[in-house]
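Per-entry structural report
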Amino acid sequence: MVTDAEPGRVFAFDVRYTVIPIARWRYDILDLGAADGGCQVTESTWDRRPGWFRKVAPRATGVSDRAAANTEHIRLTLQRLKQRAEAG
């Protein structure tokens, strides 16, 4: 579910599994001005899973280290976003 959406400034959304909160993802966009002609995007995530769910999640998802997986996913997402933005 989208929680924040301000074009050119911020985009954020919550992830749920049925009614269980899983994560919040947020993209903050900083306009670097006309001289640079670009922007800086910061991607953040917060693990919102209840403790009991964190214990069973690795078996359900196959991801044993969620923090490391999210760090890699953030790196890839920002890399792809940069490539697309620079390609026009």
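Now for a quick tour of the structure. Note that the structure is predicted; figures quoted are calculated from it, not measured. (Residues numbered from 1 in each chain as written. Predicted model: local features only at pLDDT ≥ 70, side-chain atom pairs only at ≥ 80, totals over all residues. Heavy atoms only, no water.)

Before going further, it helps to examine the overall build of the chain. Of the regular secondary structure elements, the chain holds 2 helices and 4 strands. Relative to the globule expectation of 12 Å for 88 residues, the C-alpha radius of gyration of the chain, 16 Å, shows a markedly less compact shape. Along the first, second and third principal axes, the C-alpha atoms of the chain reach 50 × 25 × 15 Å. Here the analysis covers contacts within the chain between residues at least 6 apart in sequence; of these, 25% occur between residues at least 24 apart. Only carbon and sulfur atoms are counted for the fraction: they give 56% of the accessible area of the chain, which is about 6500 Å². Across the chain, the mean location of the 14 positive side-chain charges is 9 Å away from that of the 11 negative side-chain charges. (Helix = DSSP H or I, 4+ residues; strand = E, 2+ residues; numbered from the N terminus. Rg over C-alpha atoms; globule rule 2.2 N^0.38 Å. Contact = heavy atoms within 4.5 Å. Areas by Shrake-Rupley, 256 points an atom, 1.4 Å probe, with all protein chains shown as cover. Lys, Arg positive; Asp, Glu negative; His and termini not counted. Charge placed at Lys NZ, Arg CZ, Asp CG, Glu CD.)

What follows concerns the side chain of Arg49. Mapped onto the fold, Arg49 is located in the loop between strand 4 (39-47) and helix 1 (51-61). Judged by relative accessible area, which is 13%, Arg49 ranks as buried. Those residues in contact with Arg49 that lie beyond four places of it in its chain are Pro21, Ile22, Arg54, Ala57 and Arg66. (Buried < 20%, exposed > 50% of the residue type's maximum accessible area, 1.4 Å probe, protein only.)

Structurally, Asp14 is set in strand 2 (residues 10-17). On the basis of relative accessibility, which here comes to 8%, the residue Asp14 falls in the buried class. In this structure the side chain of Asp14 is engaged in a polar contact, spanning 2.6 Å, whose partner is the side chain of Arg24. Engagement of the side chain of Asp14 in a polar contact is seen with the side chain of Arg48, the distance being 3.5 Å. With residues near it in sequence (within four places) discarded, Asp14 still touches Met1, Thr3, Ala23, Arg24 and Arg48. (Polar contact = N/O pair within 3.5 Å; in protein donor to acceptor, adjacent residues only side chain to side chain.)

Now for the sheet that holds strand 2. Read from one edge to the other, the open sheet built from 4 strands follows the order 1-2-3-4, with strand pairing classed as antiparallel. The open sheet has two edge strands, strand 1 (2-6) and strand 4, and neither has a second partner. Here the average twist between neighbouring strands, direction ignored, is 10°. Pairing analysis gives 8 bridges linking strand 2 to strand 3 (residues 20-31), with the strands arranged antiparallel. Note that in strand 3 the partner of Tyr17 across the bridge is Ile20. Along the sheet, helix 2 (residues 66-87) contacts strand 3 and strand 4; its crossing angle with strand 4, the most-contacted strand, is approximately 160°. (Pairing = 2+ DSSP bridges. Axes fitted to C-alpha atoms, helices over the stretch in contact; angles between N-to-C directions.)

Our next topic: the nonpolar core. The nonpolar side chains of a soluble globular protein tend to be buried, and buried together. Core analysis: the largest hydrophobic core is formed by 7 residues, namely Ile20, Ile22, Ala23, Trp25, Phe53, Ala57 and Ile74. Elements that contribute at least two residues to this core include exactly strand 3 and helix 1. Top contributing element to this core by residue count: strand 3, with 4 residues. Ignoring anything within four residues of it in the chain, the contact list for Ile20 reads Val15, Pro50, Trp52 and Phe53. (Core = buried A, V, L, I, M, F, W, Y, C linked by side-chain atoms within 4.5 Å.)

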